[in-house]
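Chains, contacts and geometry: an overview
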Protein chains: 2
Amino acid sequence: MRRRLLPLALSLLLANAAHADEGMWMPSQLPGIAQQMKAAGFKGNPRELSELARAPMNAIVKVGGASGAFVSDQGLVLTNHHVAFGVIQYNSKPGRDLIRDGYIAADRSAELPANPDYRVLVTTGFDRVTDRILADAKGKRGRAYYDAVDGATKAVVAECEREAGYRCSVANMYYGTDFYLVRQLELRDVRLVYAPPNAIGNYGGEVDNFMWPRHAGDFTLLRAYVGKDGKPADYSPDNVPFVPPSHLQVSTQDFREGDYAMLAGYPGVTFRHRMASEFANQVEWQLPSRVALYHRMIDTIEGTAAKDEAARVAYASQLRSLKNSLKRAQGELDGLRRSDAVRVRREDEQAMYAWLDQQPDAATTRADISAAQAVLDRATAVRERDQLLGAIVAQTQLLKSAVTLQRLAHERSRPDAERERGYQQRDETLIAGQLRQVQRRYAPHVEKALLAELVGQYQALPAPQHVAEFDAVFGAASQLQQKLDALYAGTKLDAESERLNAMQADRATLAASGDTLLQAAATLLPAILRLEDENKASSGELLRLRPAYMRALIGFRKSQGRAVYPDANSTLRVSYGRVSALDPRDGVHYTPLTTVQGIVEKHTGTDPFDAPQTLRDAIAKSDFGNTAEPSLGTQTVDFLTNLDTTGGNSGSAVMDARGRLIGLNFDSNWEAVSASWMFDPRYKRAIHVDLRYLRWLLAKVYPAPHLLKEMNLPAE
Amino acid sequence: MRRRLLPLALSLLLANAAHADEGMWMPSQLPGIAQQMKAAGFKGNPRELSELARAPMNAIVKVGGASGAFVSDQGLVLTNHHVAFGVIQYNSKPGRDLIRDGYIAADRSAELPANPDYRVLVTTGFDRVTDRILADAKGKRGRAYYDAVDGATKAVVAECEREAGYRCSVANMYYGTDFYLVRQLELRDVRLVYAPPNAIGNYGGEVDNFMWPRHAGDFTLLRAYVGKDGKPADYSPDNVPFVPPSHLQVSTQDFREGDYAMLAGYPGVTFRHRMASEFANQVEWQLPSRVALYHRMIDTIEGTAAKDEAARVAYASQLRSLKNSLKRAQGELDGLRRSDAVRVRREDEQAMYAWLDQQPDAATTRADISAAQAVLDRATAVRERDQLLGAIVAQTQLLKSAVTLQRLAHERSRPDAERERGYQQRDETLIAGQLRQVQRRYAPHVEKALLAELVGQYQALPAPQHVAEFDAVFGAASQLQQKLDALYAGTKLDAESERLNAMQADRATLAASGDTLLQAAATLLPAILRLEDENKASSGELLRLRPAYMRALIGFRKSQGRAVYPDANSTLRVSYGRVSALDPRDGVHYTPLTTVQGIVEKHTGTDPFDAPQTLRDAIAKSDFGNTAEPSLGTQTVDFLTNLDTTGGNSGSAVMDARGRLIGLNFDSNWEAVSASWMFDPRYKRAIHVDLRYLRWLLAKVYPAPHLLKEMNLPAE
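Residues numbered from 1 in each chain as written. Chains lettered and ligands numbered in written order. Predicted model: local features only at pLDDT ≥ 70, side-chain atom pairs only at ≥ 80, totals over all residues. Heavy atoms only, no water.

Where an unreviewed UniProt entry is consulted, chain A appears under the name Dipeptidyl-peptidase, with the organism given as Lysobacter yangpyeongensis.

What follows is the structure in structure tokens.
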């Protein structure tokens with residue numbers, strides 16, 4: 001049992017100094033931190049992990065938008081049940097409920113094709129293209145800088161994708177400092193091989209989401225297929241299993257608390273290297289004001305819909321979503337406050353400036369950072385407005401529909417390739433679906449009450465935050481109710497047919513429409529486009545200026561003997577650490593390995609705690625054999641590490657000190673919800689399926705001896 | 001950290017075999033278990049603890065209906081903040097909010113008198129009176145046996161109370177096997193000396209109730225006063241502090257996980273030695289059917305009141321109470337199932353019978369036990385009816401008022417001393433208050449819906465469970481709605497003045513009343529009285545027959561080398577064990593000591609987690625000195641032991657191996673809610689204030705150096 005031996009303030013300082021386990025490293029950085037990895041217990045050579053397009057890193061794949069890994073030389077892919085959920089759902093039909101029952105393909109011919117848009121991506125190239133991306137941007141500023149980078153990126157990607165079967169992208173590292181071209185083989189024929197019942201794969205469901213201790217068997221096995229020529233192909237019964245460039249071996253060794261572990265996957269986005277002022281803005285304004293805004297919107301919707309059964313039903317989904325966002329924002333705020341993130345980041349930045357001021361390029365670097373800060377300050381000056389205008393469009397149904405319709409007509413006046421993302425031809429089915437859905441999610445008095453609240457707040461902002469077009473539509477505060485009444489009395493957009501008809505109308509027809517909401521949207525659209533343009537100009541400036549900050553940070557860290565990983569950007573990263581308990585709060589100690597006894601304890605017989613009888617019988621038999629953890633004398637289920645992860649790391653391979661696969665990442669703990677901004681080693685943990693549980697299920701509960709054999713694993 | 005080293009089934013068996021820490025022992029039993037106590041770590045002589053009316057046991061007092069202890073030679077009493085809450089409330093007034101602010105009497109003259117009915121009871125005698133109590137009962141059965149015991153009890157008590165200043169009672173040990181006369185000095189002048197702010201004394205409030213980890217400073221110091229003659233007296237400024245026969249010394253030693261601990265107090269009621277059939281009835285019928293009934297009542301009230309704001313307000317309190325009862329019943333049920341209580345008790349009983357059948361008196365004992373079982377079976381045959389009829393009266397407002405009014409009129413026709421408890425002259429103020437309160441808790445359509453549900457269920461019972469008078473009032477199922485409509489249309493009891501007037505009416509007037517509900521109550525009353533009589537007859541039989549079962553159990557336990565404590569009955573008991581962690585479920589380990597860091601972690605600034613600034617400043621200063629626990633390097637707050645407790649143990653003194661006072665019991669953990677039936681050593685824990693926290697608060701946060709000095713404690 002770990003005890004709190006130090007006063008809080010001191011332990012905080014020490015905790016923040018203990019960066020050993022923080023880091024989402026690019027594989028190429030690993031040789032540079034070889035000493036730390038070995039000190040942590042790694043038994044291999046970090047150089048062997050350093051190339052994305054070589055073994056074993058090219059066994060780590062992107063799958064269904066998240067992570068996975070090849071686990072056999074016949075294209076078998078291990079990923080999360082929740083990552084493969086769409087595939088399982090796609091193959092379920094009346095009389096064959098694969099979600100409920102799970103699925104075991106008896107042989108290759110029984111493997112079920114995934115939905116056609118499901119992909120497995122194998123990295124085959126990772127090359128620095130910074131010079132090409134920035135060549136045309138040099139000397140430019142703002143929007144021009146943004147457009148130059150955007151244009152070069154599109155050109156590089158188009159060139160790379162000329163070869164059929166590849167998907168390419170450009171990854172921005174260190175906020176515009178470096179750019180890498182990522183080349184990936186795009187496997188389009190993916191099939192379902194083995195899925196446990198949902199009551200195992202998603203045991204605990206929403207109740208346990210983000211929680212530890214956890215007892216989910218969140219894994220599924222898929223297989224990637226290619227044409228007979230070995231090249232990516234659409235599904236065909238003639239296709240053959242893809243022979244991956246490499247695959248990982250599932251471990252047959254035991255592991256326990258304190259053992260070395262490392263993880264490879266595709267973390268989505270983090271903000272760890274943002275400037276101290278951005279930390280302060282996030283903790284002191286963004287999150288608290290978002291929490292307050294969510295509260296007000298929830299109160300408004302609940303208050304208005306209270307006496308109206310139909311409205312309560314219509315807004316149930318939006319309310320659930322708002323409450324979920326509120327919970328997340330509050331959790332992130334609590335976490336960042338608990339970690340004293342603003343103070344810690346500010347002191348760290350001040351130390352960096354003290355170091356920087358001793359360097360020869362201090363003046364020019366400082367000038368760029370000041371300019372970047374000025375861009376941020378301009379955004380801060382209108383943050384209340386931006387938050388409210390965003391909500392006015394995003395949180396309404398009919399007004400949002402009107403704006404979408406005007407925007408679509410506007411975009412359609414340009415060639416498809418030049419339209420804004422989300423308004424291209426391929427997006428129109430989605431837009432039509434959203435317009436249809438309004439019918440089930442709208443009640444006029446609720447939308448008016450929500451707008452009265454949001455616009456009312458906007459109207460109370462000082463003049464410099466006002467936008468003429470919004471003022472024109474909503475008038476002054478004293479007129480607001482009258483304006484809203486008129487807007488919703490004079491619109492026919494509450495009829496589905498009207499919305500879908502308007503989607504077909506051209507720009508001139510829509511502009512001439514006498515519909516009050518369409519008129520309002522026509523007035524608002526130029527403002528919305530203008531604000532978007534301003535935003536792109538700011539983004540361009542930050543893309544130009546942030547590298548100065550990052551170079552200073554990297555130099556400062558080097559002076560501390562520390563390397564800097566780039567903030568997460570959906571590229572392959574490796575983190576290392578150990579199997580770790582968690583002391584989430586005073587008096588509570590979470591052990592890092594859960595066992596099947598916890599499944600029985602949680603079982604209530606109703607979803608999400610409805611463990612299948614087959615599983616409960618097997619647990620009762622206690623026939624665990626060599627998949628049990630000897631120190632616990634029973635079968636483990638999930639485990640906890642201090643590995644550095646974020647959204648996107650679902651399905652990431654967790655390996656032991658010798659690179660053997662021991663776990664599959666699927667979640668992180670509630671206390672770590674703030675880790676996208678700050679890694680606090682006291683609270684940051686990642687939650688994994690223990691692959692000994694997978695081995696036991698495949699050997700003794702829902703047997704698949706052929707798959708164990710394929711993975712070179714013992715039959716029991 | 002404790003690990004689960006054994007398969008579940010085996011650990012269950014072992015756990016149930018490990019009875020070392022179970023037991024609410026009568027002090028007189030302690031010499032008999034001296035070996036076990038010493039093995040557990042006790043350093044004193046159990047014989048010194050064996051007499052209730054001698055030191056140190058006579059320092060353990062009853063206070064405010066719960067437990068407490070003298071902690072100075074000047075009558076200072078330590079008990080829980082929640083036990084003294086009424087005293088604190090009584091002394092609060094506009095401008096002096098002692099609940100919020102706490103209170104420190106600067107000197108004796110500033111000590112504030114408690115409400116006049118508040119008592120401290122000091123045990124001065126504990127004598128076996130079995131022969132006297134049972135003398136007249138011998139040879140009798142049923143109601144006659146009951147009346148004989150009741151009569152002898154009243155006589156013994158009356159004789160004992162002849163001396164002024166004493167309160168006496170007869171305690172029934174081992175279900176009618178033994179009777180003890182308890183004689184207690186009744187101190188009537190009790191004063192408030194020191195109370196922490198409510199935000200300390202009740203930190204965590206309802207949210208943390210039953211929960212661990214806990215961070216409440218749930219203690220208060222009172223002082224008992226007597227007249228100048230040393231005898232109990234009503235409050236007078238001339239009174240002097242009571243010099244107790246003995247007092248406990250608060251410890252200045254450290255303690256930690258695993259250390260010996262023991263507790264003395266007045267546990268209320270347990271059912272540990274009930275028969276296996278009663279365990280089965282509780283787990284298989286009583287609790288599940290109670291849970292189902294609560295659910296239905298809650299659904300009915302919520303459904304009926306949903307669209308009626310006034311009704312929602314009126315029923316908020318009843319709903320809260322039903323939900324609380326539901327939670328408790330579900331918790332007890334879950335716990336008893338988790339402990340496999342029915343099977344464990346049944347197997348234990350079968351082993352007892354196997355032993356019994358080898359004994360010379362097997363036949364007569366078996367006959368008595370069979371007869372007791374027959375009494376229980378008769379109750380089981382009508383358990384559905386009894387549950388429903390109970391709810392029909394208890395869960396209604398207007399119908400209950402009508403029954404109460406008829407019952408009061410009926411009881412008033414007898415001499416006051418012979419009236420049923422609850423209907424004597426001294427109870428009439430309370431009854432009037434309840435009749436008044438109906439106004440704020442009643443809506444006719446909700447009460448009718450509730451009755452439709454409850455009576456509907458009753459009507460669906462088989463004929464043998466029917467009661468003619470209830471059938472007469474409510475008719476057949478097809479008539480129910482009509483009958484209810486008529487009952488509530490023809491009553492004026494919804495007017496407060498009508499109810500209070502009816503309270504003054506004599507029996508004849510009430511009997512002749514044309515009020516439909518009063519008429520219904522007049523019809524029901526004879527049935528209610530008859531069922532009560534039957535119940536007393538059953539109680540008498542069980543009182544006569546259960547001793548056979550208890551003697552068999554005691555003999556069987558003796559053959560196993562184990563002693564048997566009597567089930568709790570509000571008499572002084574001692575339990576021993578150790579400072580113990582808790583593993584409440586897979587993956588979760590609770591440490592047994594909480595610290596002030598937990599107060600900071602839980603602090604939200606709003607009730608019930610609104611730690612006073614003074615406290616938070618003191619925590620931030622980390623100036624804990626010798627009240628800190630060295631192994632943790634910080635100030636402890638509460639701690640957990642495996643001591644055997646139940647309701648009534650609030651304020652019990654927790655002592656170390658040398659009898660020094662280290663803690664004050666104030667709650668138990670949620671997992672232990674089923675402990676009134678079964679002590680499961682895996683889950684049963686008791687929650688105590690760590691008196692080092694008290695010492696720190698008195699020394700450094702809300703200083704009271706004069707009290708530390710009086711308790712012979714260091715000033716810091």
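Take the pairing of strand β3 (residues 76-79) of chain A next. Residue and element names in this part refer to chain A. Neither face of β3 is left uncovered, since the one carrying Leu76 and Leu78 and the one carrying Val77 and Thr79 both have all their residues buried. Two elements, strand β2 (residues 66-70) and β3, share 2 bridges in a ladder whose sense is antiparallel. Bridging from a neighbouring strand, Ala69 pairs with Leu78 of β3. Counted along the chain from β2 to the antiparallel partner β3, the turn is 5 residues long, and its residue Gly75 has a positive phi close to 75°. Pairing geometry for β3 and strand β10 (residues 220-226), over 4 bridges, is antiparallel. Opposite Leu76, over in β10, you have Arg223 as the bridge partner. (Buried < 20%, exposed > 50% of the residue type's maximum accessible area, 1.4 Å probe, protein only. Helix = DSSP H or I, 4+ residues; strand = E, 2+ residues; numbered from the N terminus. Pairing = 2+ DSSP bridges.)

Take the UniProt feature "coiled-coil region" (unreviewed entry) in chain A next. The UniProt record marks residues 312-339 of chain A with the feature "coiled-coil region" (unreviewed entry), using the residue numbering of this structure. End-to-end, the C-alpha atoms of residues 312-339 of chain A are 38 Å apart, and along that stretch the chain is 93% helix and 0% strand. (UniProt positions renumbered as here; feature names shortened; annotations may be inferred.)

Our focus in this paragraph is the state of the cysteines. All names here are of chain B. Following the criterion strictly, the structure yields 2 disulfides over all chains and no others. Paired by a disulfide, Cys160 and Cys168 hold their sulfur atoms 1.9 Å apart. Torsion about the S-S bond of the Cys160 and Cys168 cystine: about -60°, corresponding to left-handed handedness. We note that Cys160, like Cys168, is buried. (Disulfide = S-S within 2.5 Å.)

Turning our eyes to something else, we now look at the packing of aromatic side chains. All told, the structure shown has 28 aromatic pairs over all chains when counted by the stated rule. For the ring pair Phe42 of chain B and Tyr260 of chain B, a centre distance of 5.6 Å and an interplane angle of 35° mean the geometry is tilted. Note that Phe42 of chain B is positioned in the loop between α2 (34-40) and β1 (60-63) and Tyr260 of chain B in strand β12 (residues 260-265), a separation of 218 residues in sequence. Given a relative accessible area of 7%, Phe42 of chain B falls into the buried group. The exposure class assigned to Tyr260 of chain B is buried, which follows from its relative accessible area of 6%. A network of ring pairs unites the aromatic residues Phe271, Phe279 and Trp677 of chain A as a single cluster. Directly above the aromatic system of Phe255 of chain A lies the positively charged group of Arg692 of chain A, at a separation of 4.0 Å from the ring centroid. (Phe/Tyr/Trp six-rings, centres within 6.5 Å; stacked < 30°, edge-to-face > 60°. Lys NZ or Arg CZ within 6 Å of the ring centre and 35° of its normal.)

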